[in-house]
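# Architecture and fold: a report
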Amino acid sequence: MTKKIIQDLKAEQIAKLDKKIPDFKAGDTLRVLCRIVEEKNTRNQAYEGVCIARHNDGAASTFTVRKISFGEGVERVFPLYSPNIVEIKVVRRGQVKRSKLYYLRQLFGKKARIAEEKDSEVKA
Amino acid sequence: MRTAVIAEKVGMMGLFQENGDQIPVTVLKVDSTVVDTRTKEKDGYTAVQIGYKTAKEKHLAKPQKGHFAKLKQEPKRVLKEFRVSEDCLVPAGSVIGANHFVVGQLVDVTGVSLGKGFAGVMKRYHFHGDNATHGASRTHRSGGSTGNREWPGRVFKNRPMPGQLGNKQTTIQNLKVVAIDEARNLVMVQGAVPGYDEGMVIIQDAKKRSKQQVGPVPAGLKVVEAPKAETTEVKEAPATTEVKE
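Per chain, the residues get numbers from 1 upward, laid out in the order the sequence is written. Both sets of labels track the order of writing: A upward for chains, 1 upward for ligands. Note on the predicted model: pLDDT of at least 70 is required for a residue's local features to be given, and 80 or more for side-chain atom pairs to be given and counted; whole-chain, interface and lining totals, by contrast, use all residues. Side-chain numbers here rest on the full set of heavy atoms in the structure, without hydrogens or water.

### Structural notes on the overall build of chain B
Short version of the rule: To qualify as a helix, a DSSP run of H or I must reach at least 4 residues; to qualify as a strand, a run of E must reach at least 2; elements of each kind are numbered from the N terminus. Each residue gets one of three labels from its accessible area relative to the maximum for its type: buried under 20%, exposed over 50%, partly exposed in between, using a 1.4 Å probe on protein chains only. Residues are treated as being in contact if the distance between any of their heavy atoms lies within 4.5 Å. To be clear on the numbers: accessible area is Shrake-Rupley with a 1.4 Å probe, and residue cover counts the displayed protein chains and nothing else.
Looking only at helices and strands, one finds 3 helices and 12 strands in chain B. Looking at chain B as a whole, 40% of its 245 residues qualify as buried. Considering only intrachain contacts with a sequence separation of at least 6, the fraction spanning at least 24 residues in chain B is 71%. By element, 50% of the accessible surface of chain B is carried by carbon and sulfur atoms, the whole surface being about 14,200 Å².

### Focus on the sheet that holds strand S6 (residues 95–96) of chain B
Residues and elements named next belong to chain B. Filter applied, for reference: Any two strands between which DSSP finds at least two bridges are classified as paired. Each axis is a line fitted through C-alpha atoms, taken for helices only over the stretch in contact, and angles between the N-to-C directions span 0 to 180 degrees.
One open sheet holds the 4 strands; their spatial order is S5-S4-S3-S6, and the pairing between them is antiparallel. The sheet is open, and its two borders are formed by strand S5 (76–83) and S6, each paired with just one other strand. Here strand S3 (residues 32–38) runs beside strand S4 (residues 47–54); their pairing, made up of 5 bridges, is antiparallel. Of the residues in S4, the one forming a bridge with Thr33 is Gly51. The strands that helix H2 (residues 62–71) touches are S3, S4 and S5; relative to S3, the one it contacts most, it runs at about 85°.

### Structural notes on the pattern of salt bridges
Oppositely charged side chains can pair when the atoms bearing their charge come close. The criterion, for reference: Salt bridge, as applied in this entry: a Lys or Arg side-chain nitrogen positioned within 4 Å of an Asp or Glu carboxyl oxygen.
Summed over all chains, the structure comprises 16 salt bridges over all chains. For A:Asp28, the salt bridge identified is with A:Arg93, shortest N-O distance 3.2 Å. Taken together, the positions of A:Asp28 in the loop between helix H1 (2–17) and strand S1 (29–37) and A:Arg93 in the segment after strand S5 (85–92) put the pair 65 residues apart, joining distant regions of the chain. Between B:Asp181 and B:Arg184 there is a salt bridge; the shortest N-O distance is 2.8 Å.

### Digging into the pairing of strand S2 (residues 22–30) of chain B
All names here are of chain B. For strand S1 (residues 5–16) and S2, the ladder comprises 9 bridges, and the chain directions are antiparallel. Bridge pairing links Met13 to Val25 in S2. Here S1 hands over to S2 after 5 residues, with Gly20 in that stretch at a positive phi of 100°. Note that S2 and strand S11 (residues 186–190) share 5 bridges and pair antiparallel. Each bridged residue has a counterpart across the sheet, and for Lys29 the counterpart in S11 is Leu186.

### Structural notes on the interface of chain B and chain A
Often, the extent of an interface is quoted as the loss of accessible area on bringing the components together. Rules: When two parts are put together, the accessible area they lose, computed with a 1.4 Å probe and summed over both, is reported as buried area. In protein, a polar contact means a hydrogen-donor-capable atom and an acceptor-capable atom, both N or O and within 3.5 Å, with residues adjacent in sequence counting only if both atoms are side-chain atoms; elsewhere, any N or O pair within 3.5 Å suffices.
In this complex, chain B contributes 19 residues to the contact, which on the side of chain A involves 18 residues. Here chain B and chain A share an interface that buries about 1,400 Å² over both sides, 65% of which is from carbon and sulfur atoms. In terms of surface lost to chain A, no three residues of chain B exceed B:Met13, B:Phe16 and B:Arg184, which account for 42% of the buried area on that side. In this structure, the connection of chain B to chain A is made through 1 salt bridge. Measuring nitrogen to oxygen at the nearest pair gives 2.8 Å for the salt bridge that ties A:Glu12 to B:Arg184. The tally of links from chain B across to chain A stands at 5 residue pairs in polar contact (both at pLDDT 80 or more).

### Regarding the environment of B:Phe16
Looking at the element boundaries, B:Phe16 is found in strand S1. Of the residues examined, B:Phe16 reaches a relative accessible area of 9% and is grouped as buried.

### Digging into the sheet that holds S5(A)
All names here are of chain A. Spatially, 5 strands are ordered S4-S3-S2-S1-S5 in an open sheet, and the strand pairing comes out antiparallel. Of all strands in the sheet, those bounded by a partner on one side alone are strand S4 (72–79) and S5. Strand-to-strand, the axes of this sheet are offset by a mean angle of 40°, without reference to chain direction. When S1 meets strand S2 (residues 42–55), the two strands line up antiparallel, connected through 9 bridges. Across the sheet, Leu30 pairs through a bridge with Gly49, a residue of S2.

### Description of the domain arrangement of chain B
Filter applied, for reference: Domain ranges listed in this record stem from an automatic or a database domain assignment.
The assigned domain composition of chain B is domain 1 (1–115 + 168–226) and domain 2 (119–165). The centre of domain 1 of chain B, based on its C-alpha atoms, is set 41 Å off from the matching centre of domain 2 of chain B.

### Observations concerning the side chain of B:His100
Summarising the element assignment, B:His100 is placed in the loop between S6 and strand S7 (106–112). Excluding its chain neighbours within four sequence positions, the residues that come into contact with B:His100 are B:Arg2, B:Thr3, B:Val5, B:Gln105, B:Gly215, B:Pro216, B:Pro218, B:Ala219 and B:Gly220.

### Digging into the side chain of B:Lys9
Residue and element names in this part refer to chain B. Applicable threshold: Charge assignment in this entry is limited to Lys and Arg as positive and Asp and Glu as negative, and neither His nor the chain termini are counted.
Considering the arrangement of structural elements, one finds Lys9 in strand S1. For the buried Lys9, no salt bridge is present, and the opposite-charge side chain at shortest range is Asp197, 4.3 Å distant. Of note is the side chain of Lys9, whose polar atom sits 3.0 Å from the backbone oxygen of Val193. Excluding anything up to four places from it in sequence, Lys9 contacts Thr26, Val27, Leu28, Val193, Pro194, Gly195, Tyr196, Asp197, Glu198 and Gly199.

### Looking at the packing of aromatic side chains
All names here are of chain A. Operational definition: Pairing of aromatic rings covers Phe, Tyr and Trp, the last through its six-membered ring, and needs centres within 6.5 Å; plane angles under 30 degrees mean stacked, over 60 mean edge-to-face, and all others mean tilted. Sitting over a ring, as applied to charges here, requires NZ of Lys or CZ of Arg to be within 6 Å of the ring centre and within 35 degrees of the ring normal.
In this structure the tally under the stated criterion is 5 aromatic pairs over all chains. When the centroid spacing of 5.7 Å and the interplanar angle of 70° are considered together, the rings of Tyr47 and Phe78 count as edge-to-face. Taken together, the residues span a long stretch of sequence, with Tyr47 in strand S2 and Phe78 in strand S4 at a distance of 31 residues. In this structure Tyr47 comes out as buried when scored by relative accessible area, which is 5%. Members of the aromatic cluster, connected to one another through ring pairs, are Phe24, Tyr47, Phe63 and Phe78. Above the ring of Phe24, the side-chain terminus of Arg54 is found at 4.2 Å from the ring centroid. Positioned over the ring face of Tyr47 is Arg76, at 5.4 Å from the centre of the ring.

So, in structure tokens, the structure goes:
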């Protein structure tokens, strides 16, 4: 019974946060708008890269976005339901055969490309 | 001094704050009914006896049956007595709810910690142990020396040694109340609480921060019958002398 309470609370929290999350999976290229609070002003910062993993855990779900920044691989783990995530935009649908694309860490350049999914609706 | 309450540990989860922080919270379900009271005239001190969880008749011994029958109260599985100041005395039969606490206040939570069994000194007291190599033989996790030589010729008391770890009453002080759900009688505190899920814990106003304490006096009652004190955020009157901790 106690497990039920926790489940309910988690579900309620997701409902309360009321986030619009697009349908996306590992392999998709995402543009994440992230709220950043500086001393005085608040602004949104975009982070664009390939989603290499999704971790499903109710309100604590996360997703990992990898990009190459100035020649260096960068990975950021975003909490899916965080109020700081302003918007998630799918830029490109990728066609992959894994749910976790950790193999991309060993690859760079042309080898690290991901094929675009055929007849995908999203066109950036 | 207000009464403590008995609660069930429901489990832990994360909670997003407005600023995007995700904080770990423990959900506690308050389950406390005042079964009996102790008064100055009758007993020489003031306290409330609180019952936790309804018990089946067949699980009670005869003396317990008599106790509940005399007080005309529903049988309870656990009975605990908490000292209170006179102004915080609650009549028998009242049910204390989650509104006993106020969001933002600090509480102490007491429970029985997870039992780890008979543990060595590395696990129990964070000793470093011995070398893994350099000729160390069968002493990698040992505690090493326990004392000197002819003087004092004995091992001092309180020397950390292997033994039972956990399964012991533990109190975590100054946990912040993050949220309260009156409908379901839930209190959410930031951080971890001793014991396993579904275990029994005792929540009381933080002992070391009593001066900043807020909360309904005499207690947050669930049934609106006795002194209605749900929204009165009265600064607690300092419980003077007569009650000792």
